[in-house]
Each structure stands twice: as C-alpha cells, then as structure tokens.
Amino acid sequence: MNNSQRPWPATRELARRIAGARDIGPAALARAREAVVDTLGVTLAGMPDESARLALRLAREEGGGEAATVLGGGGRTSASWATFVNGVAGHALDFDDVDFVMTGHPSVTLVSALIALAEERRLSGTAVLASYAVGFELLHTLGRALLPNHYRRGFHATSTLGSVGAAGACAHLMGLGAKETANALALAASEAAGLVCNFGTMTKPFHAGQAARAGLVAARLAEMGFTAAYDALETGYAGAMAAEGIGPGVENFAGWEAAVSGWGEPWDIEAGVCVKIHPCCAMTHPGIDAMLDLCEREGIRPEEVETLGARASAMTLKVLRYQKATTGLEGKFSMPFCLSSAVLDGKVGIAQFEEDRVARPEVRALQDRVEFELDPELAAEDPESERTAVWVRLRDGREVAAIGEIARGHIDNPIPEAEFREKFLECAGVLLSEQRARAAWEGWRGMEAATDVGELMPLLAP
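One structure accompanies this document, and this report is about it. Worth saying up front: this structure is predicted, and the values here are computed from it rather than measured.

Parameters and conventions
- Residues numbered from 1 in each chain as written.
- Predicted model: local features only at pLDDT ≥ 70, side-chain atom pairs only at ≥ 80, totals over all residues.
- Heavy atoms only, no water.
- Core = buried A, V, L, I, M, F, W, Y, C linked by side-chain atoms within 4.5 Å.
- Buried < 20%, exposed > 50% of the residue type's maximum accessible area, 1.4 Å probe, protein only.
- Helix = DSSP H or I, 4+ residues; strand = E, 2+ residues; numbered from the N terminus.
- Contact = heavy atoms within 4.5 Å.
- Salt bridge = Lys/Arg side-chain N within 4 Å of Asp/Glu carboxyl O.
- Expected span 1.5 Å × (residues − 1).
- Pairing = 2+ DSSP bridges.
- Axes fitted to C-alpha atoms, helices over the stretch in contact; angles between N-to-C directions.

Ranked by internal contacts, the top residues of the largest apolar core, which has 143 residues, are Tyr237, Met291 and Trp444. Examining the composition of this core, we find that 12 residues originate from one element, helix 6 (residues 125-146), more than from any other. Discounting residues that sit within four places of it in the chain, Trp444 has contacts with Arg33, Val36, Val37, Leu40, Ile115, Val453, Leu456, Met457, Leu459 and Leu460.

Per the counting criterion, the structure on display carries 29 salt bridges. In this structure, Glu306 and Arg395 form a salt bridge, with 3.0 Å as the shortest nitrogen-oxygen distance. You can see Glu306 sitting in strand 3 (residues 305-312) and its partner Arg395 sitting in the loop between strand 5 (388-394) and strand 6 (399-404), a full 89 residues away along the chain. Glu306 gets classed as partly exposed once you look at its relative accessible area, which sits at 32%. For the salt bridge of Arg408 with Glu419, the shortest nitrogen-to-oxygen distance reads 2.6 Å. A residue pair is termed long-range when its members are at least 10 positions apart, and Arg408 in the loop between strand 6 and helix 20 (417-428) and Glu419 in helix 20 qualify at 11 residues. Of the residues examined, Glu419 reaches a relative accessible area of 23% and is grouped as partly exposed. Overlapping salt bridges bring together Glu120, Arg121, Arg220 and Glu223 as one network.

What follows concerns helix 2 (residues 26-46). An ideal rise of 1.5 Å per residue puts 30 Å on 21 residues; helix 2 measures up with 30 Å between its terminal C-alpha atoms. Counting buried positions along helix 2 yields 16 of 21 residues, so the element is predominantly enclosed.

Our focus in this paragraph is the sheet that holds strand 5. Strand pairing in a sheet relies on backbone hydrogen bonds, with the paired strands running either antiparallel or parallel. One open sheet accounts for four strands, arranged 4-3-5-6; its pairing is mixed. The open sheet is flanked by strand 4 (370-374) and strand 6, the only strands paired with a single partner. Adjacent strand axes in the sheet meet at a mean angle of 15° when their direction is disregarded. Bridging between strand 3 and strand 5 involves seven bridges; their strand directions are antiparallel. Bridge pairing in strand 5 places Leu308 opposite Val392.

By themselves, these are just geometric observations and shouldn't be taken as functional.
Pasting the structure below:
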C-alpha cells in the first residue's frame, strides 16, 4: 500500500488529542458531573438485580485486593473487578443515560471505570470529570465515524464503542502520553464486543460492565508497556465492522478524518446527555410519554380500552424485539408491555418491571391487544428515528391518538433540576435511607471539591 492509499491515522491522531487534552472548562465539567451523579444513582438501584449479584459473586471468587469500592455496600476489590460489577449494576435496570451520536449508553462505561481508577490512585473529583469529558468526546468521535452502519449490523455500541471510550478516558486520567494512549485504544479495540441480539437478557448489562473493565485493563496494560497496532482503529476495528465485509478499501469504511475534525472546545458533553425517566430501552420512551399524555388528556381508564398500538421506525422495531414480555428484562425491550403498563398503572417505573408485576393477568391480557407496527413514512425517511405514534381504540368506538417526538429527558427536552434530584433519591433509596440518599446527593453534587474521590465513596454505602 503506497502513501496515497493508507487510511487516515485515526488511532495515533486520537491518542495525540486525548493525551494533549487540558483545561476542560467549567461548562463541560458541570455537565459531566450531572452524568456521574445520575449514573451513581442508577447503579445503586441496580445492585439488587440478579445480574449484578452474579457479577459480584464472580468478583468475590476471582477478584483480589481492596483498591476500589463496589457500590451499595458490596465491599472492596481490585479496581478492574469493581469496575465490572458497578458497570453491570449501572446498566441492569436500563435506567442509565443514553446518547444518540454513539447510539448507546456513554456514562455507565466511563463512570464505572473512572471512579474505580480514581479511588485506587486517590485522584480528585475534578480530574474524573475532565477525563469523563474526554471519554465522551471520544465516544462521539467513534459514533460519527462508524454509525449507523455499525448498529445496523447488530453490534451493541455501548459495548463495542464503550471499551475504546473507557480506555481513552482512563488513559487521560492516568496521564499517559500519546504512544501509550494509542496502545490503550488499539488494545481496547481488540476487546470490543457486544451484540444487540442479547437485549432483554442479563448479557446486555454484562456488555456495559465488560466494556468498562476492558477499557480500564487496556489503559493499565498500556501504562506498563503493553503494545498494540498503531492503526488498529482505522483498519481492523473499522474493517471488521464494515458493511461490505473484507476487500480493497475496507480500511476506509469509517469517516475518521471528518469525525475527528470537531474534537475539542466546545466539548460535546456541554450539550448534555439524555437522562432517562423510565427504566427501559430509550426507543420505548417517546411511545411511553405519548401514551401517558394521551391517557391523562382523554381520561382513559384501563377497562375502557378495546385495543391500542404504536407505529415506529425500522430501528425501533428491530431493537424492541419482544412482542409479549414474560420477564422484566424482556419488558424493557417490549413496546406492547411498556404501553400496557402505561395504560394500567399511569407510570412506567422500576416497580413495573418486577417479575410479579410483569406476570399480572391484566398486563398479559392487554399486551395481547397491542399492535406494534412499522411506520411506512419513517421507514422511508428515517429508519433510525425515535418518533412513535400511539393510538387507543375505546370500547365505545372512539379512537384517540398522539405522537411522541422527543422523549422527556432528551437533551432537546430536558427535565428540571427538581425531577433530576427526585430520580437520584428514588434510585439511591433502593439501598440507602432517605437521609443517606440526600447526603450522597449533596456530596457528589460537589465532587469538584474532593481532592480524593475515595473520600466520597462511603456516601454510597448503606
């Protein structure tokens, strides 16, 4: 391959920019802090989940040391194992934030790895926030380069992009140079894995924990001198995910140069990240919001409903793969279940996905009367659209409808501070007393003042 045919040096250029990122401004730090606090809250809420309990069991059997904390009173273990358990718990309820540039969940991988690493090395809250901003920027760069084809092929970006994003964030927090950072990114690219087909099972939260751990391990090995290919992102990483398989030009599958060109101030995190107000797949949220509004506006009572339904994009139908949920995990990826819960309970919260609530006869019966279909206009115009149209046909013959455009909590439709705080207190309250949950909120909202993040960790223990 001559010089004119060589792919743009994405691995080395991104490593150079990560290593040189300094003076992250207050706007980026403030948004990063919001993401950290939200992630810690949903991690506490996810700790009792079976997936998190199994992850903790494995960590206790195989982990070592007492360098970092497993949230919610799970004890101490090595930084990498704490990262894994906290990452699994942080994604167990699918209540963690989401981003539509990387098409996945940015904070669960970044925060799990950065908090454990910072605790191990006694680093400051401000340092964590700066590295979060850098990691978020990297995730956006990867998303702009690889998507939407990457997701269309069935890869779960939270895991595949998350491993590289976490590696870059950890490399920044560790102060690695460009050479070591390039090795970390390239090594993490070989660790990247995750399939959409596992949605609705324990493997989806495993994706998040494993990606966070993979990123941290990659950065630590790179610090020790572990080597990897300096063209890994632009050749193997992109090529393996190319839509057309292998062959000449596959190394140019991703638009790296354009994706990297926007790097830096203003940092992408300054626009915020989408906060979830329902603990289920983000693709359900516009439909849930529209159904809740419709029921309130029309005064709909469950016993009045004959049938109901939703029309959505091709991607929404692909991701929400369960027509009828039989478990809480399946319910998080089932539009019929989420709409049925909205009609029956007037809320789609943590309780709705508990197994006894999923098994209610009235929920099962209503799911059978839900039609979930492709919206032909969206199929032609925007296959990845989040837009969802919902309707209800009442027993008296009336039919009412609504359209969910942008979910509440989205960066273009943010929730107020009071609701954000309420979500944290509800999540933290799964394990903490009301007093301790409030103390955790206050302490972590001021994390920039902490010279050692470890000082704040006791606030997250019962």
